[in-house]
Amino acid sequence: MKKTLTAGMLVLLVALPAGADEIDDKVRAVEDNLSRIKDKLDGIVSDSSSSDIDSALDTLGNVRNDVERLRSLNPPNDPGKTMANSYLDYISKFRESAQYLKRMKDAQVKADESRLAERCNEAERNLKSFIQTFVDKKDPTGVFKIPDEAEKIGRIYNDEYRKHQEVHGELDRWRSYARNFSESHNRWSDVKGELQDGVNDIWDRWNRRMEETKSKCVEVAKGKEFDAAKDAMSKLGNFGQVRTVIRKKLDERLQTIASKVRDLDSRSGDASSEISEALRAVEDVLGFLGDLKDIQGEDSEARQLVERWPAPTRSLKEAIESIRRLKSEQYFLEGDVRACRADEVRLQETIREQVGNKDNHAQGVVKLKEMSDSLERTWTGKKAETDRQKEAMERRAVAAKAFSFTEGNWSSIKGNLDASADKILAYWNTRRSEIYEKDPCKNLVLGEKNPDVARAGQELSRYAVGIAENYRALRKDFLEWERDVLAFRKTAKQDADAIRDAFCKEYDWEQKVKEISDSYASTLNSQWGSITGRYDRMLKAVEVLVAEKKVKSAPKLQNALISRMKSIENIKEGQLLGSNSPKVRAHIRYGQEEHKRRQASSCSEGSEISIEATYCDNPNPRYKGRGCRIDCIHQCQVLEIKPDNIAEMEKGDKQGEEYTKALHKKYKALGDAMFKESGYEELADCEDRTNKRLNLSKHSVVPYPFCADRDGSFFPMLGEMPTDQPPENPNDG
């Protein structure tokens, strides 16, 4: 009886409406938390961070919890009823507006901390002081240093001010979103009021700072157009020596450009740093010409430069941009080379895997067909794209060579640009030909007709025939493979001989060695990939025959394979690496370092002395029009330090004769003023003041031992090629 009564009472209790006390508690909790949110937002503009907004949003979570409980209690009367029905929507709207208020506050705090207006004011004060120093001393170098410093400071503060303006636009948008909240039921009215006050106060404070920042930063952000900088340039421009300094700076920039656009074909990667430096130097030339125009006065030479040089300078900029694109395409083509070799490796690995799995030979045929078809599509497309690119490359080369100004030092720039454009285009064409006619890509575009794929298909088909037929087919493949190994050995020997000859006989041995080793490496790598891939597949197949012990001749075939492969293994450590071969690089480095060591020990008066093209026509065809550089002057004698290379020794004799004549020519033009130039100071001891000439002895060539591979160990040696042959009959033991 007792149990039945208890159950009935429970049913009765559940059916009763929720207690009014709990509803009242939750209503008070909601109102109290809204009051706390209102307090958190009070005076938010003065806070040092947005932490009070975060705290208000945390409290908003408590409001949500209480409102959700009220919804479950289903209060019959207000304010509980309105809270349950509407406050979740209010909470969502308020949270969105408060988050935009937080963004505004964070931006305000960051702007306050950055003190951009104050820093602009300080930077302007320091810049004016810097400028005034040159004006007070009448220092003509200020013509260069003032614009440089003004530009540097201008870039810093212009960037910051621009970002400040971007944030201003964002802040205006956030303000609009933050003001969207408009609910005013009970305590929400107070919350809304504090939210709107916070939005307005932060916006007003931001605007005041924005106006102050604008007034302090706009002027200093002008760079060399800063009024104080322009006034100083005008004052300093009255001194004639400034024009001399500007002309010297122009010559320096032209030399920089000539250097940076020289031999771009051999520069690593896309040569972006060298080309960018050349373009910066072009911009400097335009800037110096602008400075010279402001102070040209009655200087006829200055007026001619200002009139004649700007147009060629702009034309040069376009030519360098064209060669940048030309070099970039060369760089991308190298990426195709790497991708092609990676695909070849992947194909060979797949062939080895499928040929080694004789139980699933039918499936292997299908997989190889799918892969070879996919590679054919990929590389046929790449080849077509490269074919289309050829015309664009030729246009860019023509555009790079369109620069035609050859006055004075400009001739070196013209010569170097033309040479680089021609060489890049020639290199690109050669590399393109190598990829699709010599390297593995030639076979990748063949799909199923790829010789390695076709051979693999034949090997897979053999698993379906008898063991004896399998052996005979393998032996036939071995004989074909052996002929290719012999051809590979012949190519490797030709490579080694050609590199030895280049080190010992070539006029420009370093460049020639790189070209030879890289060209042969391309051919050798192509042969190596096929040889090693076929070797692995044949070895796996013959190992199966050996393991089955049903073919007496199989071990001899296995031994013949292994011995041939061992005879060429050393090649991969040297010649396959081309100019990156450690031996090649070490010998090139030895030649360069030995040259420096000889200079250090033999040159008393000076080394690496430059002579302008005006006085010296470089006898090296590669550097025609670039002036000359003397290795060494010792006891009033020009010394050319050369390796014991036949062509280099002949070149050194011609250079020594030309350089000696050039020194006499320069002295005749400048007199003892030439001794004031860097590197020429010690030559004063060689002056014959009575006869007004230089006393120079006949030039001399100083050789050092260099001719490569005298001991026959320059490259890893090939092993002896074995002559034993596997029996034709499978049953010969």
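To keep things clear, this report deals only with the structure shown in the data block. These numbers were taken from a predicted model, which means no experiment stands behind them. The residue numbers shown here count from 1 along each chain, following its written sequence. Restriction of local features to residues with pLDDT of at least 70 applies here, the model being predicted, together with a cutoff of 80 or more for giving and counting side-chain atom pairs; totals for whole chains, interfaces and linings are based on all residues. To get the side-chain values, all heavy atoms of the structure are used, and hydrogens and water are removed first.

Concerning the overall build of the chain
Argument step 1. Each helix is a run of H or I in the DSSP string that is no shorter than four residues. Each strand is a run of E no shorter than two, and both are numbered from the N terminus. Scanning the chain for helices and strands turns up 21 helices and six strands.
Argument step 2. In the chain, buried positions account for 44% of the 733 residues.
Argument step 3. The contact criterion used throughout is that any non-hydrogen atoms of two residues lie within 4.5 Å. Intrachain contacts of the chain at a sequence separation of at least 6 include 78% that bridge at least 24 residues.
Argument step 4. For the chain, the exposed surface amounts to about 37300 Å²; the carbon and sulfur share of it is 47%. Each residue is placed in one exposure class: buried if its accessible area under a 1.4 Å probe, protein chains only, is under 20% of its type's maximum, exposed if it is over 50%, and partly exposed if it falls in between. Using the Shrake-Rupley algorithm and a 1.4 Å probe, accessible areas are obtained, with residue cover drawn only from the displayed protein chains.

A short note on the packing of aromatic side chains
Argument step 1. Two rings from Phe, Tyr or Trp (for Trp, the six-membered ring) form a pair when their centres are within 6.5 Å of each other. A pair whose planes differ by under 30 degrees is stacked, one over 60 is edge-to-face, and the rest are tilted. Evaluated as defined, the whole model comprises 14 aromatic pairs.
Argument step 2. Their ring planes at 80° and their centres at 5.8 Å tell us that Tyr87 and Trp188 sit as a pair that is edge-to-face. Separated by 101 residues along the polypeptide, Tyr87 in helix α4 (residues 80–114) and Trp188 in helix α7 (residues 188–217) bring together distant segments of the chain. Considered together, Tyr87 and Trp188 belong to a single accessibility category, that of buried residues.
Argument step 3. Ring centres of Phe181 and Trp188 lie 5.5 Å apart, and the angle between their planes is 55°; on these two criteria the pair is classed as tilted.
Argument step 4. The buried category is assigned to Phe181, whose relative accessible area is 1%.
Argument step 5. One aromatic cluster is present, built from ring pairs that chain together Tyr87, Tyr90, Phe94, Phe181 and Trp188.
Argument step 6. Think of it as a cone above the ring: NZ of Lys or CZ of Arg counts as a charge over the ring if it is within 6 Å of the ring centre and within 35 degrees of the ring normal. When the ring centre of Trp203 is taken as reference, the NZ or CZ atom of Arg175 above it lies at 4.3 Å.
Argument step 7. Just above the ring of Trp379 sits the side chain of Lys382; from NZ or CZ to the centre is 5.3 Å.

Quick word on a negative patch on the surface
Argument step 1. On the surface, a cluster of negative charge is contributed by Asp42, Asp197, Asp201 and Asp204.
Argument step 2. Checked against the element boundaries, Asp201 lands in helix α7. Only residues whose relative accessible area exceeds 30% and that form no salt bridge enter a patch; like-charged residues are grouped when within 9 Å of one another, and nonpolar side chains (Val, Leu, Ile, Met, Phe, Trp, Tyr) when within 5 Å. We define a salt bridge as a contact between a side-chain nitrogen of Lys or Arg and a carboxyl oxygen of Asp or Glu at a distance within 4 Å. Neither His nor the chain termini are counted; the positive set is Lys and Arg, and the negative set is Asp and Glu. Note that the charge is assigned to NZ on lysines, CZ on arginines, CG on aspartates and CD on glutamates.

Digging into the pairing of strand β2 (residues 628–633)
Argument step 1. Of all six residues in β2, five are buried, a share of seventy percent or more.
Argument step 2. By definition, two strands form a pair when at least two bridges between them are found by DSSP. Pairing between β2 and strand β3 (residues 637–643): two bridges, direction antiparallel. Bridge assignment links Cys632 to a residue of β3, and that residue is Leu639.
Argument step 3. Between the antiparallel neighbours β2 and β3 lie three residues, among them Gln635 with a positive phi of about 50°.

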